[in-house]
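This is what each chain is made of:
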Amino acid sequence: MNRKIDVIEVGPRDGFQNLKEYLPAEKKIEIIESLINCGVKHMQITSFVHPKAIPQMKDAKEVSAVLLPKYPDLDLFALVPNFRGAQNAMNCGFKKVTNVISLSVSHNKANINRTHDESFAELAKILDECSGLEVCLDVATTFGCPFEGKYYDTAPLMAFLKRAYDLGIRTFNLCDTVGLADPAQVRNVVKAVKAGFPDTRVEVHIHDTRGMGLVNTLAAVEAGVDGVQSTLGGLGGCPFAPGASGNTATEDMVLMLNSMGYDTGIDFGMIWEAAKKEHADIADGVFSGHNIFVKDNSAFIK
Ligand code: ZN
């Protein structure tokens, strides 16, 4: 039996939040449902941030009200920057959220305007007061930071994760926020985290800024990661990280993993069509996908 890899679509949050033009809730829902139809079972569908900070996400409640009751068996979750966001997500019916803290102190300050102590105190509050809510941690800038450069020592990461682990976090999402990682580094880091925290679930979130999205994702898969995050069409960027481009494209990644014999549960032909449609529909998006420009993929579609 082929090894199963969880493909976690984060385009509806990480992709949409970087669009300048507001994408209506109905359009968001249409794209999310096109992904569900392709076999996507894990998806970050929105975030509960202040609408002044990211106006694109002002419809979080509306989007969740349609999707959560309709797909109770899917792993649909939201990003929450703070306790208030976690409360709002719970009130909208979410059972799972991700909170985000940057390993880089300077990026954490730029992204959510907090010190590490302040961020961990907020995370503790979410865990203490939102009982029944599964909280995962996005570790932004795991592999390097736009202000501090690439990280070569895993010791600060391990100390950072221990802090979160001790609060009760059991899912770590290692984020290459601006695409600084290389495959050897990803392999080392994933192996170190799996060895240091054997009872946790480990995922990666890779940006394709320097063309290393797929190789870094593959390095993570081969090092034993449990899930890989990506966005349809490679839509993405980072509003608070200068120079960040799109994420690894879901359809490119699915093509690679399916071709290699991994079980993603996602139909490549269908997700290729969904990506091309999204690319045609969203004029102001930053796309880093390759297959959206390929005219004939018939050799890959059975
Ligand atoms: Zn990202």
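Computed from a predicted structure; not experimentally measured.

1. Considerations on the coordination of the zinc ion
- At 2.0 to 2.1 Å from the zinc ion lie its protein donor atoms, namely Asp-14 (OD), His-205 (NE2) and His-207 (NE2).
- Mapping the donors of the zinc ion onto the primary sequence yields the spacing D-x190-H-x1-H. A residue pair is termed long-range when its members are at least 10 positions apart, and Asp-14 in helix α1 (residues 11–15) and His-205 in strand β9 (residues 201–206) qualify at 191 residues.
- We classify Asp-14 as buried; its relative accessible area is 3%.

2. Digging into the packing of helix α2 (residues 25–38) against helix α3 (residues 60–70)
- Across the interface, α2 lies against α3 with an axial gap of 9 Å and an inter-helix angle of 30°. With respect to α3, the axis of α2 lies roughly parallel. In the packing of α2 onto α3, the handedness of the crossing is right-handed. Across the interface between the two elements, Ala-25, Glu-26, Lys-28, Ile-29, Ile-32 and Glu-33 of α2 pack against Glu-62, Val-63, Val-66, Leu-67 and Lys-70 of α3.
- Grouping the constituent residues of the contact of α2 with α3 by class yields 6 nonpolar, no polar and 5 charged.

3. What about the pairing of β9?
- Extensive coverage of β9 is indicated by the burial of 5 of its 6 residues.
- Note: strand β8 (residues 171–176) against β9, 6 bridges, orientation parallel. For Cys-175, the partnering residue across the bridge sits in β9 and is His-205.
- Handedness of the β-α-β unit built from β8, helix α8 (residues 183–196) and β9 comes out right-handed.
- Crossover handedness for the path β9 to helix α9 (residues 213–222) to strand β10 (residues 227–230): right-handed.

4. Quick look at the nonpolar core
- Among the nonpolar cores identified, the biggest contains 87 residues, and Phe-172, Leu-174, Val-193, Val-228 and Ile-271 are the most heavily contacted of them.
- The element contributing the most residues to this core is α2, with 7 residues.
- Not counting the four nearest positions on each side in its chain, Leu-174 is found in contact with Val-139, Thr-142, Phe-143, Val-189, Val-190, Val-193, Val-202, Glu-203, Val-204 and His-205.

5. Quick look at the side chain of Thr-200
- Of note, Thr-200 is situated in the loop between α8 and β9.
- Assessed through its relative accessible area of 6%, Thr-200 is described here as buried.
- There is a polar contact of 2.7 Å between the side chain of Thr-200 and the backbone oxygen of Phe-197.
- Residue contacts for Thr-200: discarding those within four places in its chain leaves Tyr-165, Ile-169, Arg-170, Phe-172, Lys-194 and Asp-226.

6. Here we look at the environment of Val-204
- Secondary-structure assignment places Val-204 in strand β9.
- Along the sequence, Val-204 and Pro-24 sit 180 residues apart, while their C-alpha atoms lie 29 Å from each other.
- With residues up to four places along the chain from it excluded, the contact list for Val-204 reads Asn-173, Leu-174, Val-190, Ala-220, Val-225, Gly-227, Val-228 and Gln-229.

7. Remarks on the sheet that holds strand β5 (residues 134–140)
- Around the barrel, which closes on itself, the 8 strands sit in the order β1-β2-β3-β4-β5-β8-β9-β10 with parallel pairing between neighbours. The average undirected angle you get between the axes of adjacent strands in this sheet is 25°.
- Sheet topology places strand β3 (residues 75–80) next to strand β4 (residues 96–102); 3 bridges connect them, and they run parallel. In the strand pairing of β4, Leu-79 is matched with Thr-98.
- Running at roughly 165° to β8, α8 makes contact with β8 and β9 of the sheet.

Definitions and cut-offs
Residues numbered from 1 in each chain as written. Predicted model: local features only at pLDDT ≥ 70, side-chain atom pairs only at ≥ 80, totals over all residues. Heavy atoms only, no water. Donors = N, O, S within 2.8 Å, 3.2 Å for Na, K, Ca; no water. Helix = DSSP H or I, 4+ residues; strand = E, 2+ residues; numbered from the N terminus. Buried < 20%, exposed > 50% of the residue type's maximum accessible area, 1.4 Å probe, protein only. Axes fitted to C-alpha atoms, helices over the stretch in contact; angles between N-to-C directions. Parallel < 35°, antiparallel > 145°, perpendicular 65-115°, else oblique. Left-handed = near helix turned anticlockwise from the far one by under 90°. Contact = heavy atoms within 4.5 Å. Nonpolar A, V, L, I, M, F, W, Y, C, P; charged D, E, K, R; others polar. Pairing = 2+ DSSP bridges. Right-handed = clockwise from strand over helix to strand, strands pointing away. Core = buried A, V, L, I, M, F, W, Y, C linked by side-chain atoms within 4.5 Å. Polar contact = N/O pair within 3.5 Å; in protein donor to acceptor, adjacent residues only side chain to side chain.

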